[in-house]
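# Chains, contacts and geometry: an overview
Listed below are the residues making up each chain.
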Amino acid sequence: MRYLPNSPAERAAMLRATGYQSIEELFAQIPDELKLRDRLNIPGPLSEPEILEYFRQAASQSTREYTSLLGAGAYSHYRPVVVDALISRGEFFTAYTPYQAEIAQGTLQAMFEFQTLITQLTGMDVANASLYDGSTAATEAVLMALRVTRRRQVVLPRTLHPEYRQVLETYVRHQDVDLKEVGYSPAGQIDFGKLRPSVTAETAAIVIQSPNFFGVLEKSAEVAEIAHRNGALLIFIVTEPLSLGIVKPPVEADIVAGEAQSFGVPVAFGGPYLGFLSARETFLRQMPGRLVGQTQDTEGRRGFVLTLATREQHIRREKATSNICTNQSLCALAATIYLSLLGKRGLQALAEQNLAKAHYAAQELGRISGVAVPLSGPFFNEFVVKTPVPAEDLLAELRKEKIIGGLNLEKYYPELKNHLLICVTETVSRAAIDRMVAVYRRMAPLPKVSGRAAELDSASIGRNR
Amino acid sequence: MPYPQELLYTKEHEWIRVDEGIGTVGITDYAQKELGDIVYVELPKTSDHVTANEPFGTVESVKAVSEIYSPVTGDVTAVNSKLQNNPELLNADPHGEAWLVRVRLSDPRETEKLMTAEDYEAFIREVKQR
Amino acid sequence: MNRIMGNPIRHARAHVTRNEDLIFERGSPGKSGVDLPPLDVPAIASSSALGTEFVRSEIEGFPELSELEVIRHFTRLSTWNFGLDTGLYPLGSCTMKYNPRINEVVARLEGLATDHPYAPESLVQGCLKILAETARCLAEITGMDAVSLQPAAGAQGELTGTLMIRACLAERGDPRKYILIPDSAHGTNPASVTISGYTVKNIKSNERGCVDLSELERTMNNEVAGLMLTNPNTLGIFETQIREISDLIHSKGGLLYMDGANMNALVGIARPKEFGVDVMHLNLHKTFTTPHGGGGPGSGPVAVRAFLEPYLPSPAVEQRPDGTYHLNYDRPKSVGRVRAFYGNFGMAVRALAYILANGPEGLRQTTEDAVLNSNYVKSRLKDVYDLPYDAPSMHEVVFSDRRQAARGVRTGDIAKRLIDYGFHPYTTSFPLIVSGALMIEPTESASKQELDAFIEALRSIAREVEEQPETVLKAPYTTRVSRLDEAAAARKPVLRWKP
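This one's a predicted model, so the numbers in the text were calculated from it and none came from an experiment. (Residues numbered from 1 in each chain as written. Chains lettered and ligands numbered in written order. Predicted model: local features only at pLDDT ≥ 70, side-chain atom pairs only at ≥ 80, totals over all residues. Heavy atoms only, no water.)

## A closer look at the overall build of chain A
Of regular secondary structure, chain A possesses 15 helices and 14 strands. Summarising its shape, the C-alpha atoms of chain A cover approximately 100 × 60 × 50 Å along the three principal directions. Taking all 465 residues of chain A together, the buried fraction comes to 66%. In chain A, once contacts between residues fewer than 6 apart in sequence are set aside, the share between residues at least 24 apart is 71%. When the accessible surface of chain A is split by element, carbon and sulfur atoms take 50% of a total near 15,900 Å². Taken together, the 50 basic and 49 acidic charged side chains of chain A have centroids lying 4 Å from each other. (Helix = DSSP H or I, 4+ residues; strand = E, 2+ residues; numbered from the N terminus. Buried < 20%, exposed > 50% of the residue type's maximum accessible area, 1.4 Å probe, protein only. Contact = heavy atoms within 4.5 Å. Areas by Shrake-Rupley, 256 points an atom, 1.4 Å probe, with all protein chains shown as cover. Lys, Arg positive; Asp, Glu negative; His and termini not counted. Charge placed at Lys NZ, Arg CZ, Asp CG, Glu CD.)

## Let's talk about the sheet that holds strand 3 (residues 146-148) of chain C
All names here are of chain C. Pairing in this open sheet of seven strands is mixed, and the strands run 3-9-8-7-6-4-5 from one edge to the other. On the outer flanks of this sheet lie strand 3 and strand 5 (199-203), each paired with one strand and no other. The sheet shows a mean angle of 25° between the axes of neighbouring strands, direction not considered. As paired strands, strand 4 (residues 178-182) and strand 5 are joined by five bridges and run parallel to one another. From the neighbouring strand, Pro182 faces strand 5, where its bridge partner is Ile203. The strands touched by helix 5 (residues 154-172) within the sheet are strand 4, strand 6 (224-230), strand 7 (255-259), strand 8 (279-281) and strand 9 (302-304), with strand 7 carrying the most contacts at an inclination of about 175°. (Pairing = 2+ DSSP bridges. Axes fitted to C-alpha atoms, helices over the stretch in contact; angles between N-to-C directions.)

## Thoughts on the interface of chain C and chain A
Contacts between the two partners involve 204 residues from chain C, matched on the other side by 183 residues from chain A. At the surface where chain C touches chain A, the tally comes to 10 salt bridges. In this assembly, chain C and chain A are joined by 80 residue pairs in polar contact (both at pLDDT 80 or more). The element contributing the most residues to the side of chain C that touches chain A is helix 10 (residues 345-381) of chain C, with 27 residues. For the side of chain C that touches chain A, the class distribution of residues is 110 nonpolar, 56 polar and 38 charged. (Salt bridge = Lys/Arg side-chain N within 4 Å of Asp/Glu carboxyl O. Polar contact = N/O pair within 3.5 Å; in protein donor to acceptor, adjacent residues only side chain to side chain. Nonpolar A, V, L, I, M, F, W, Y, C, P; charged D, E, K, R; others polar.)

## Some words on the side chain of Ser210 of chain A
Residue and element names in this part refer to chain A. Positionally, Ser210 belongs in the loop between strand 5 (203-209) and helix 10 (220-229). By relative accessible area, Ser210 is classed as buried at 6%. For Ser210, the side chain forms a polar contact with the main-chain nitrogen of Glu218, separated by 3.0 Å. Residues in contact with Ser210, not counting those within four places in the same chain, are Val216, Leu217, Glu218, Phe236, Ile237 and Val238.

## Some remarks on the packing of helix 3 (residues 48-60) of chain A against helix 4 (residues 125-142) of chain C
Look at helix 3 of chain A against helix 4 of chain C: their axes get within 6 Å of each other, and the N-to-C directions meet at 130°. It follows that helix 3 of chain A is oblique to helix 4 of chain C by the angle criterion. Contacts between helix 3 of chain A and helix 4 of chain C involve Tyr54, Phe55 and Ala58 of chain A from the first element and Gly126, Lys129, Ile130 and Glu133 of chain C from the second. A breakdown of the residues in the contact of helix 3 of chain A with helix 4 of chain C according to their chemical character gives four nonpolar, one polar and two charged. (Parallel < 35°, antiparallel > 145°, perpendicular 65-115°, else oblique.)

## With respect to the packing of aromatic side chains
The geometry of two aromatic rings is summed up by the distance between their centres and the angle between their planes. All names here are of chain C. Taken as a whole and assessed by the stated rule, the structure comprises 25 aromatic pairs over all chains. When the ring of Phe288 is compared with that of Tyr354, the centres are 6.3 Å apart and the planes differ by 80°; the resulting orientation is edge-to-face. Of this pair, Phe288 sits in the loop between strand 8 and strand 9 while Tyr354 sits in helix 10, and the two are 66 residues apart along the sequence. The same class applies to Phe288 as to Tyr354, namely buried. Measuring from centroid to centroid gives 5.4 Å for Phe423 and Phe454, while their planes differ by 75°, and the two rings are edge-to-face. Of this pair, Phe423 sits in the loop between helix 12 (411-420) and strand 13 (427-428) while Phe454 sits in helix 13 (residues 448-467), and the two are 31 residues apart along the sequence. Look at Phe423 and you get buried, because its relative accessible area is 8%. (Phe/Tyr/Trp six-rings, centres within 6.5 Å; stacked < 30°, edge-to-face > 60°.)

## Some thoughts on the sheet that holds strand 9 (residues 101-105) of chain B
What holds strands together in a sheet is hydrogen bonding between their backbones, with the strands either parallel or antiparallel. All names here are of chain B. Read from one edge of the open sheet, six strands run 1-2-3-9-8-5, paired in antiparallel fashion. The open sheet has two edge strands, strand 1 (8-9) and strand 5 (49-50), and neither has a second partner. Both strand 5 and strand 8 (residues 74-79) contribute to a ladder of two bridges, which runs antiparallel. In the strand pairing of strand 8, His49 is matched with Asp75.

Okay, structure coming up:
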């Protein structure tokens, strides 16, 4: 087997040195009745070409021929080839957690750079070296607020990613925590009328997502004011951090956490992704996850080390700030490289492209009679559309055009029947947008008008066909 | 270093000096040596209540966290604010400048259970042998 | 020497001995490493689209670099890392085994790398098949009946497992209060248990480093939900009484959780189901070669017996009678979600590629090599390093620094000196039950030549400790930085660059 570096002769020599007579003796402590007698029913061994063929077959049953308009917490952005070229260096991807700092300065410095980039984007003082993903980062942010305030109630918006909410529920189920949901306004933003009375001296935190699950931006200042007035923290969740290329960072927040998959991490059917968590300096010792700090060696050279480890599970065990052990180091490295490549201007330009594409699509769709863009709040690269016919029928038609038309929101929001969440990133061409719009137009029922206006209108409709 | 005679000691390596009903509490030289370079100290606030043999704070080195147990029951009257920015004081002068808290004793007789300097030195010798 | 004609010589490859600037300290205004394609829709001013109150000013301090500068910066950084591609990486409990390159190629295939988790099921049959097949293989390898790939890492697997234990016992009438954990356990064990609402009760190990059966008998009662065990344990020793242990736990109505971190000693040889395990997690980034990546991502699938299947996270990937795959969300007893979407799919691809490359014989041979390598190292070092437990080792061996400590040298110092000999250190100071542990797991990814060099290095260091301990105490000498001040980093943390 090509991965195993010893020959039969070498194995025999090593066995002799151990004093055991046979390989079986090495496993003598396992009682015989517990040993496997049959052959494992798994495929293989396969050679490299056969492995490639296996996975190519699987890849042929995928959406690679389609244009996808799906977002909802996982965003399709172009990944510059330099990202993979660099993270594929064996010194980066085959290294372990940098506990031995002297021989891990590459990882440590890159993580320090990652932490810095996150604070620059979010406006917070400190950031950790990543968490599993956005859903667990949001959960950890809430757990942090519970610890800091020692209160038991958390106010969540209905526009928080539904699966993030599910994860939070799983984590707090046995912790005596009260989760309170607040609905959204016609603009698609948090309903302040409902928010204000929900926040009391019992509230540990208000959670806000921006852009929220509907793609709408939320203002941080007003919510922060309500939170702080009651002694609660403001937690800001960001699932599409590319928005921070042009959107003002939530500097009034206490914790800003979320998903950084947009920054050079593949969509890869749901994972691995890249959670981030940043906060004000005062909460530093309550932060979960790994932290990289700058220091000096005995000669005065700058170096980096994992620090404040006493918060973590390998020391505090049951009293740790979290049970988390791994971070998402390689994904964080990819993000650091991606952001270094884009840089200040590139990130802004890319964000502007996303904005332009999504707004163009929304505008064109909005022109069609029977189609509505019902939420009036400002949006970045995602928005909600009310479909002119049942959403599933529309999605089926779009699939014929090789377009995956968006997420049917009814699954998570029963009050939003026939509403689609559409995401348009820089990867969607104008031609694809126009094709999508044409399908909507084709499927929208003709508007009912009368008299001269009707003649004019049917003439123009005829032309557009 | 010989342990100061005027202090009393616990099995968890804390010391206490009692003056007119107020106990000044700290950790011993043995404790700070075991911990190594101390990086952070978590202490209660003034007027918090502490209970004998219960933890009231923690001391952290780079690789370890230790709880600090109160030798006595009472209310905290003062907290050593110097340790906030200079935790390394605990390594330098654990029996003097790096006191942790002052407590008004609710039951002065609790100190009768504590060890004298000689007893504590014998106790440490025994611990080292284990 | 450093001057020519009065001018200081500036090194082009200064990173070898001196600092590599941070990305924020390099570059200059106006540069970018990416050229975007032209915009094919009308541009829109951010302030008109969003309103001025939402628009940010430029991101202060953000880097501005060309593509070339990014390549050089990170390439140079990488040269400061020791990866397992570089050499032997004998970290105990981490299983630093070869990360096959074909895994990286297949994970990047278009479709597999780009499918969106919310795409219609009929269009992503390839991805669903991979998830289903990986789960099936892991079930077969462990002997268990059902697997969920949702947990993002081992610690999340543990959390999921304990939540399932709670759900199962609650349905039976009483979730109970405690979970027992051996004092040799990995720190994530007690941390995860606490989140599930249980209180941890520590069980002391006996003089063989194993669970003390009579102690267990005394502690196990109907207030204890179960025992969380690593087998082989963190000392690399197999719990020979595992069936007695599981019978005891079960007889009092409890469940047995196995931390599968040490599966590299068992794959193809024995299956945890036979041990009586009810629920366990696996670490794909340990046993199944998904890369450690400098600290992550990992993947921690859970495997369960049939009676626990209903409690697994939702959704489950299932195959219909017509052969197609779908996601089943109709799971009323599920403990819920532990993360968004379906799990670290990219890691499942890599793990499956590894399993396919090996087949049943390859997996078995791999395990045999792992255990042989560890025993070879043990046999050739036990005369110079102290073995705290007199028991046969499996895939890892734990020494203690007792002999060297008498000369003032501890395991951490020996580890630093090992770097000078060209190896990555072993795991120091874990498990906590051994004073000054040297935990060595060579894995199967070590040739006899490498092992001999490693053994010689440790023997040489032992000699240095006897003759010149100072040499070891001040090591390493061959790295770019040496003995970084961790106390200063913790006292006055500097966690980001500031202009």
